[in-house]
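# Residue-level structure breakdown
For reference, the chains in residue letters:
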Amino acid sequence: MKNLINFLIQYSVVFLFLFLEIISFTLIVKNQEYQKSVFLSSSNSVVSSMYEWSNSVVEFFKLRAANDNLSEENTALKNQIIKLENKLVTLEKVTPDSVHFRIPPEMEYQFIAAKVIKCTTNKLQNYITLDKGALDGIKIDMGVVSDEGVVGIVKNVSPKFSVVIPILNPKIEISCKFKRNNYSGSLLWNGVDYRYANLTDIARHVELSLGDTLITSGLTSTFPEGIPVGSVEDFKIKESDAYYRIKVKLAVNFRTLSYVKVINYLNFQEQKDLEKKSEEQ
Amino acid sequence: MPTVLQNIFRFILLVLFQVLVLDNIQFLGFVNPYLYILFIIALPVQTPRWFSLILAFVIGITVGIFSNIPGPHAFATVLVAFSRDGIIKLFTQIEEGNNPTPSFYTFGVSAYIKYVVLLVLIHNFTLFILESFSFINFWLLLSKIILSSVVTILLILGFQSIKTK
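Residues numbered from 1 in each chain as written. Chains lettered and ligands numbered in written order. Predicted model: local features only at pLDDT ≥ 70, side-chain atom pairs only at ≥ 80, totals over all residues. Heavy atoms only, no water.

### So, the pairing of strand β12 (residues 259-265) of chain A
Residue and element names in this part refer to chain A. Rule in force here: When a residue's accessible area, from a 1.4 Å probe over protein chains only, is under 20% of the maximum for its type it is buried; when over 50% it is exposed; and in between it is partly exposed. Only runs of H or I of at least four residues qualify as helices and only runs of E of at least two qualify as strands under DSSP, and these elements are numbered from the N terminus. Two strands are counted as paired when DSSP detects at least two bridges linking them.
The buried fraction of β12 amounts to five of the seven residues, a majority that puts the element mostly inside the structure. Strand direction decides the pairing type here: strand β1 (residues 109-119) and β12, joined by seven bridges, are antiparallel. Residue pairing across strands places Phe-111 opposite Ile-263, the latter belonging to β12. Pairing of strand β3 (residues 143-145) with β12, which is carried by three bridges, proceeds in the antiparallel orientation. Within the sheet, the bridge partner assigned to Gly-143 lies in β12 and is Ile-263.

### Comments concerning the sheet that holds β3(A)
Strand pairing in a sheet relies on backbone hydrogen bonds. The paired strands run either parallel or antiparallel. The test is simple: The axes used here are C-alpha line fits, helices contributing only the stretch in contact, and every angle between their N-to-C directions lies in the interval 0 to 180 degrees.
Pairing is antiparallel in the closed barrel, where six strands are placed in the order β1-β2-β5-β4-β3-β12 (chain A). Shown here is a sheet whose adjacent strand axes are inclined to one another by a mean of 40 degrees, direction ignored.

### Structural notes on the packing of aromatic side chains
What counts, and what does not: Put simply, two rings from Phe, Tyr or Trp (the six-membered ring, in Trp's case) pair if the centres are within 6.5 Å, and we call them stacked under 30 degrees between planes, edge-to-face over 60, tilted for the rest. Working rule: Lys NZ or Arg CZ, within 6 Å of ring centre, within 35 degrees of ring normal, means a charge sits over the ring.
Taken as a whole, this structure holds 12 aromatic pairs over all chains when the rule is applied. Between the aromatic rings of Phe11(B) and Phe39(B), the centroid separation amounts to 5.2 Å while the plane-to-plane angle is 80 degrees, which identifies the pairing as edge-to-face. Of the two residues, Phe11(B) is situated in helix α1 (residues 2-21) and Phe39(B) in helix α2 (residues 38-41); the sequence distance between them amounts to 28 residues. Here Phe11(B) and Phe39(B) have matching classes, each one buried. Of the aromatic side chains, those joined through ring pairs into one cluster are Phe104(B), Phe107(B), Tyr112(B) and Tyr115(B). Here the guanidinium or amino end of Arg195(A) rests over the ring plane of Tyr194(A), the centre of that ring lying 6.0 Å away. Sitting above the plane of the Tyr196(A) ring, Lys247(A) keeps its charged end 4.3 Å from the centroid.

### Let's talk about unusual backbone geometry
All names here are of chain A. One non-glycine residue, Asp-141, adopts positive backbone phi at about 75 degrees. Mapped onto the elements of the fold, Asp-141 is located in the loop between β2 (128-130) and β3. Positive phi outside glycine occurs at Asp-201, with the angle close to 70 degrees. Topologically, Asp-201 is positioned in the loop between β8 (196-200) and β9 (213-216). When its relative accessible area of 46% is taken as the criterion, Asp-201 is described as partly exposed.

### Details of the nonpolar core
Quick note on the threshold: Take the buried residues of types Ala, Val, Leu, Ile, Met, Phe, Trp, Tyr and Cys, join any two whose side-chain atoms come within 4.5 Å, and each joined set is a nonpolar core. Any pair of residues with heavy atoms lying within 4.5 Å of one another is described as a contacting pair.
If you look at the biggest cluster of nonpolar residues, it comprises 50 residues, and the most contacted ones within it are Ile41(B), Leu53(B), Tyr112(B), Tyr115(B), Val116(B) and Ile156(B). Broken down by secondary-structure element, the contributors of at least two residues to this core are α2 (12-31) of chain A together with α1, α2, α3 (49-66), α4 (70-91), α5 (104-107), α6 (109-132) and α7 (138-162) of chain B. Setting aside chain neighbours within four positions, we find Ile41(B) in contact with Arg84(B), Pro102(B), Tyr112(B), Tyr115(B), Val116(B), Leu119(B), Val120(B) and Ile156(B).

### Quick word on the pattern of salt bridges
The cut-off we apply is this: Here, a salt bridge means any side-chain nitrogen of Lys or Arg that lies within 4 Å of a carboxyl oxygen of Asp or Glu.
All chains considered together, the criterion is met by five salt bridges over all chains. Arg195(A) is paired through a salt bridge with Asp193(A); the nearest N and O atoms lie 3.1 Å apart. Relative accessible area serves as the criterion here: at 39%, Arg195(A) is assigned to the partly exposed category. Of the charged contacts, one joins Asp85(B) and Arg49(B) as a salt bridge, the two residues approaching to 3.6 Å between their closest N and O atoms.

### Considering the confidence of the model for chain A
Reading predicted coordinates in detail is not appropriate for stretches of low pLDDT. All names here are of chain A. How we decide: On a range of 0 to 100, pLDDT expresses the predictor's confidence in each residue.
Per-residue confidence for chain A gives a mean pLDDT of 77; residues scoring 70 or more make up 81%. Per-element confidence in chain A is highest for strand β11 (residues 245-250), whose mean pLDDT is 89, and lowest for helix α3 (residues 33-41), whose mean pLDDT is 48. Note that pLDDT drops below 50 for residues 36-48; the model gives that stretch six contacts with residues more than four away or on any other chain. In this model residues 96-103 is a low-confidence stretch, pLDDT under 50, and it forms three contacts with partners more than four residues away in sequence or in other chains.

Next up, the structure:
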């Protein structure tokens, strides 16, 4: 016992030293999150770093699938919105006009389903032949669309067949506009690539961004407003230019086109006559 | 008790100087001299060991709290205070009953320089290693330790040579 006390007294300084160092070390470990975390995790830092690395790699691959899913879902939802908007527009009651006969808006356009039996995409002037003609109600200058978007305009009609000038033909220009800000221009094919066409008449003050959606303007009687045409793929403007050179990715893939709908605008003749009359006066 | 008063003043002055001036010097980006260790270096030789340990702990904690890292500072200063006696005995022959304050005059120039260099190195090594808590940037750590030690040693020796006694 005496020895023990002597021992303790003799080494009291050492014990004090150890005591103070332990306090300091506790401070180091407890007071600072960084040191704390290092201290606590240093034993498995290799494992954890490897885990982190592998997780980051796996996550990267998963991201792609997630992205695809999201964009698909996004398009589906967007389509739904468009459908609902269209429904909403048709449901809004126009003030009834009892005196004059009037075709209600939702009846203004009728669709005639047709099958593409011939379609070229690699020529400078491409044409599409449909398996329906005058007997089915198709007339010259009717618009043709597919589920994806605008295809072209009916050029010639025989009793059983009809020929369509698609967008892929420099002979026609489709009047279209930006969905975002309603600026309209005309779409013209440059004869090179069946996936792309050029949009002209967009002045330089118009704000553009890549991916802007183009829809039909409804300014011509051929197509109702709002049918997708394409999206902006690329645009350029030189210092001296007044108009943009816009490259548009077409909504319709003409290589895989098989079923189309011909638009029958019931008021077409009336509108045309009125316009003609006005011009003559 | 002039020695006690002197040491109290030294304590306050060194802590203030360290915290207000030296901790703001980031010479070359990483040279941070720790002059406050001079307080422990300059404690009278016969100070009871337990007392010097506690004093070292207090000054370490004080300076450390200001720079937000009390642990490493306290650890390093306590270690310095603990190893001080042995180093004094190693380099000098102080007679029993004498209680000089370490300086060029009492220790002799070479012994004092060795004493200071060794203590500062112990302090800086412990402090920087505990502060970084890793050897990832080993060469940066080493250069930090060496440069800070050199500056600290030069400062301490300079202060001592200015003193007139």
